[in-house]
Amino acid sequence: MQIQHEWFDVAEIGPQTYAISEWGHWEKVHSFLLIGDNKAVLIDTGLGIANIKEVTDQLTSLPIEVITSHVHTDHIGSHASFDNIFVHAEDRDWLENGIQGPNLEQIRFNLMRDIAKEVPEAFDINEFYPYQGEAKGLLIDGQWVELGNRSIRIIHTPGHSPGHISIWDQLTGFLFTGDVLYLETPIYAFYPSTDPVLLINSWKKLLTIKGVTRLFGSHNQLGFDIEVLEDVKTAIAYLEQNDLVKWGTGLHSFKHISVQF
């Protein structure tokens, strides 16, 4: 299916599975649409520079539930366009009352810097505010979400945020790792709302998941092979053996991944 949009790029990455990417932005954010027989799940809603619903409406007419990988501005940009928003309890307060960390001026600056693609004419940065709203429901570690002939499992993977989750799709074997695992740029766990120890524990948890065929982080390269998990094992061992799993130890680089504490 060919989808045309002035801001988003759409790639079919598996059966009834789409990546909706914002390649023109320096953060190279990916959201993911998983379609079942009865409903669809949208993992995150992007930056908010354009409305991702303009794309999802072209891909499915089924009801869509938004599963929030974590409540950071670059992943909740179009949340206001959907009625059924789900989040882990540990990130609920940020969703409903605002995110800890940068102020509005900093958020707007980061959103507009280093953009390599013309933003939609309708977008006005002076009218941009991070989404705040009530969750329809709370996600629980180990929970199965049924889409109709398709099931996905919620995996609580804190460290980058308290309520960060990853999602494993039983149909494809894809593991969507949000911001706890991606390539090319550092994984961040150096600011006050992060936790290096929890991040390492989340990496260990990802290593235990059976049936993973491919991984998809929420930034940069779209999808990567499971061999990266061997690099994760190496990173865990090195960081723990050298007492580096704590704030202030800086940037640590390995074969495929890097992390900043």
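Computed from a predicted model, the values in this text were never measured in an experiment.

A. Up close: the overall build of the chain. If you tally the helices and strands in the chain, you get five helices and 15 strands. On C-alpha atoms alone, the chain measures out to a radius of gyration of 17 Å, which is about the 18 Å that the 2.2 N^0.38 rule sets for 261 residues. Over its C-alpha atoms, taken along the principal directions, the chain stretches across nearly 50 × 45 × 30 Å. Put simply, the chain has 261 residues, and 55% of those count as buried. Within the chain, contacts between residues at least 6 apart in sequence are counted, and of these 62% link residues at least 24 apart. The centroid of the 17 positive side-chain charges in the chain is displaced by 7 Å from the centroid of its 35 negative side-chain charges.

B. Structural context of the UniProt feature "domain: Metallo-beta-lactamase" (unreviewed entry) in the chain. UniProt's entry tags residues 28–219 with the feature "domain: Metallo-beta-lactamase" (unreviewed entry), counted in the numbering of this structure. For the annotated span residues 28–219, helix accounts for 19% and strand for 24% of the residues, and the straight-line distance between the end C-alpha atoms is 5 Å.

C. Fine view of the packing of aromatic side chains. Enumeration over the complete set of coordinates arrives at ten aromatic pairs. Through a chain of ring-to-ring contacts, the aromatic side chains of Phe32, Phe174, Phe176 and Phe216 assemble into a single cluster. The positively charged end of Arg108 is found above the aromatic ring belonging to Tyr129, 4.8 Å away from the centroid.

D. Region of interest: the sheet that holds strand E14 (residues 251–253). The mixed open sheet is built from three strands, whose spatial order is E12-E15-E14. With one partner strand each, in any of the chains shown, strand E12 (187–188) and E14 form the two edges of the open sheet. Looking at chain direction, E12 and strand E15 (residues 258–260) are connected through two bridges and run parallel. Within E15, the residue paired with Ile187 across the bridge is Val259.

E. Geometry of the nonpolar core. Formed by 32 residues in total, the largest nonpolar core has its most connected members in Ile20, Leu33 and Leu42. If you list the elements that add at least two residues to this core, you get strand E2 (17–22), strand E3 (29–35), strand E4 (40–43), helix H1 (53–59), strand E5 (64–67), strand E6 (85–88), helix H2 (89–97) and helix H3 (104–112). Broken down by element, this core gets its largest block of residues, three residues, from E3. Beyond its immediate stretch of four places on either side in the chain, Leu33 contacts Gln16, Thr17, Tyr18, Ile20, Ala40, Val41, Leu42, Thr56, Leu59, Thr60 and Ile64. The next biggest cluster of nonpolar side chains, apart from the first, holds 29 residues, and it includes Val180, Leu199, Leu206 and Phe224.

F. Representation of the environment of Asp9. The residue Asp9 is located in strand E1 (residues 9–14) in this model. The exposure class of Asp9 is partly exposed, given its relative accessible area of 32%. Between the C-alpha atoms of Asp9 and Ser21, which are twelve residues apart in sequence, the distance is 5.1 Å. In this structure, Asp9 is in contact with Ala19, Ile20, Ser21, Trp23 and Lys117, ignoring residues within four places of it in sequence.

G. Representation of the pattern of salt bridges. What the rule picks out here adds up to eleven salt bridges. Where Asp57 meets Lys53, a salt bridge forms, and the shortest distance between an N and an O atom there is 3.1 Å. With a gap of four residues between them, Asp57 and Lys53 both fall in helix H1, about one helical turn apart. Note that Lys246 and Asp243 form a salt bridge whose closest N and O atoms lie 3.0 Å from each other.

H. Just H2, in detail. All buried positions along H2 are accounted for by Asp91, Trp94 and Leu95. Take H2 and look down its axis: the buried residues cluster within an arc of 100°, on one side only.

Cut-off values and rules
Residues numbered from 1 in each chain as written. Predicted model: local features only at pLDDT ≥ 70, side-chain atom pairs only at ≥ 80, totals over all residues. Heavy atoms only, no water. Helix = DSSP H or I, 4+ residues; strand = E, 2+ residues; numbered from the N terminus. Rg over C-alpha atoms; globule rule 2.2 N^0.38 Å. Buried < 20%, exposed > 50% of the residue type's maximum accessible area, 1.4 Å probe, protein only. Contact = heavy atoms within 4.5 Å. Lys, Arg positive; Asp, Glu negative; His and termini not counted. Charge placed at Lys NZ, Arg CZ, Asp CG, Glu CD. UniProt positions renumbered as here; feature names shortened; annotations may be inferred. Phe/Tyr/Trp six-rings, centres within 6.5 Å; stacked < 30°, edge-to-face > 60°. Lys NZ or Arg CZ within 6 Å of the ring centre and 35° of its normal. Pairing = 2+ DSSP bridges. Core = buried A, V, L, I, M, F, W, Y, C linked by side-chain atoms within 4.5 Å. Salt bridge = Lys/Arg side-chain N within 4 Å of Asp/Glu carboxyl O. Arc of directions from axis to C-beta.

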